[in-house]
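# Structure at a glance
Each chain, written out:
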Amino acid sequence: MVTGDGAHQLTFNELAVMGRYGVKPKIFVINNGIYGVEDVISERGHEYDDLAQINYHLLPEAFGCKWWFVAKVATNADLDAALERVAAEDTAAYIGVMISEEESQPMTEAIIDNGYKLRTPPIG
Ligand SMILES: Cc1ncc(C[n+]2csc(CCOP(=O)(O)OP(=O)(O)O)c2C)c(N)n1
Ligand SMILES: [Mg+2]
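### Digging into the coordination of the magnesium ion (ligand 2)
- For the magnesium ion (ligand 2), the full set of protein donor atoms is Asp5 (OD), Asn32 (OD1) and Ile34 (O), at a range of 2.1 to 2.2 Å.
- Donor residues binding the magnesium ion (ligand 2) come from one chain and are separated in sequence as D-x26-N-x1-I. With a gap of 29 residues between them, Asp5 in helix 1 (residues 5-8) and Ile34 in the loop between strand 2 (26-31) and helix 3 (38-41) connect regions that are remote in the sequence.
- Residue Asp5 is classed as buried on the basis of its relative accessible area of 2%.
- Under the relative-accessibility criterion, Ile34 is labelled buried at 7%.

Okay, here's the thing in structure tokens:
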């Protein structure tokens, strides 16, 4: 499963169920620190789109997921190393992938501006 940090903040309680039943998922949490899609549907830079910073890779243990391979990665080399382990081992894996806010939005500011303005009726 690949999830964003904002989406995962609504769902990570399910880790406890995974721990309880001993399932072995491979989970990647793409952590850009924001509810990024809001850039496109409202506008950039609202504080309410900033997310609480969680050390996601510590969650599996807290939720009773024993023996999971966990990692927090911030470089391509570290991600590659984690992926190699995930591929090689028959284990549950949970990888927090740090991405900078600037790098996480594939659209230009001009396109985002245009997008949200089209959806926002003018006032008055
Ligand atoms: C089942 C469901 N619940 C809630 C939402 C509302 N929702 C839309 S985007 C989003 C999360 C966006 O933030 P993130 O996962 O960090 O992704 P980013 O845009 O930063 O890549 C959520 C929870 C949804 N789309 N579907
Ligand atoms: Mg996000």
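Next comes the rest of the description.
### Concerning the pairing of strand 4 (residues 93-98)
- Of all six residues making up strand 4, five are buried, and the element is well covered by its neighbours.
- Pairing geometry for strand 2 and strand 4, over six bridges, is parallel. The partner of Phe28 across the bridge, within strand 4, is Ile95.
- The pairing of strand 3 (residues 69-73) with strand 4 spans five bridges and is parallel. In the strand pairing of strand 4, Lys72 is matched with Gly96.
- Between the parallel pair strand 3 and strand 4, the chain is carried across by helix 5 (residues 76-88), and the sense of this crossover is right-handed.

### Quick look at the site of ligand 1
- Around ligand 1 sit Gly4, Asp5, Gly6, Ala7, Leu10, Asn32, Ile34, Tyr35, Gly36 and Val37, and that is every residue in its neighbourhood.
- A distance of 2.8 Å is found between an oxygen atom of ligand 1 and a backbone nitrogen or oxygen belonging to Ala7.
- The contact in question runs from an oxygen atom of ligand 1 to an N or O atom on the backbone of Ile34, over 3.0 Å.
- Among the elements that make up the shell around ligand 1, the one with the highest residue count is helix 1 (three residues).
- Residues of the shell around ligand 1, tallied by class, amount to five nonpolar, four polar and one charged.

Calculation criteria
- Residues numbered from 1 in each chain as written.
- Chains lettered and ligands numbered in written order.
- Predicted model: local features only at pLDDT ≥ 70, side-chain atom pairs only at ≥ 80, totals over all residues.
- Heavy atoms only, no water.
- Donors = N, O, S within 2.8 Å, 3.2 Å for Na, K, Ca; no water.
- Helix = DSSP H or I, 4+ residues; strand = E, 2+ residues; numbered from the N terminus.
- Buried < 20%, exposed > 50% of the residue type's maximum accessible area, 1.4 Å probe, protein only.
- Pairing = 2+ DSSP bridges.
- Right-handed = clockwise from strand over helix to strand, strands pointing away.
- Near = heavy atom within 4 Å.
- Polar contact = N/O pair within 3.5 Å; in protein donor to acceptor, adjacent residues only side chain to side chain.
- Nonpolar A, V, L, I, M, F, W, Y, C, P; charged D, E, K, R; others polar.

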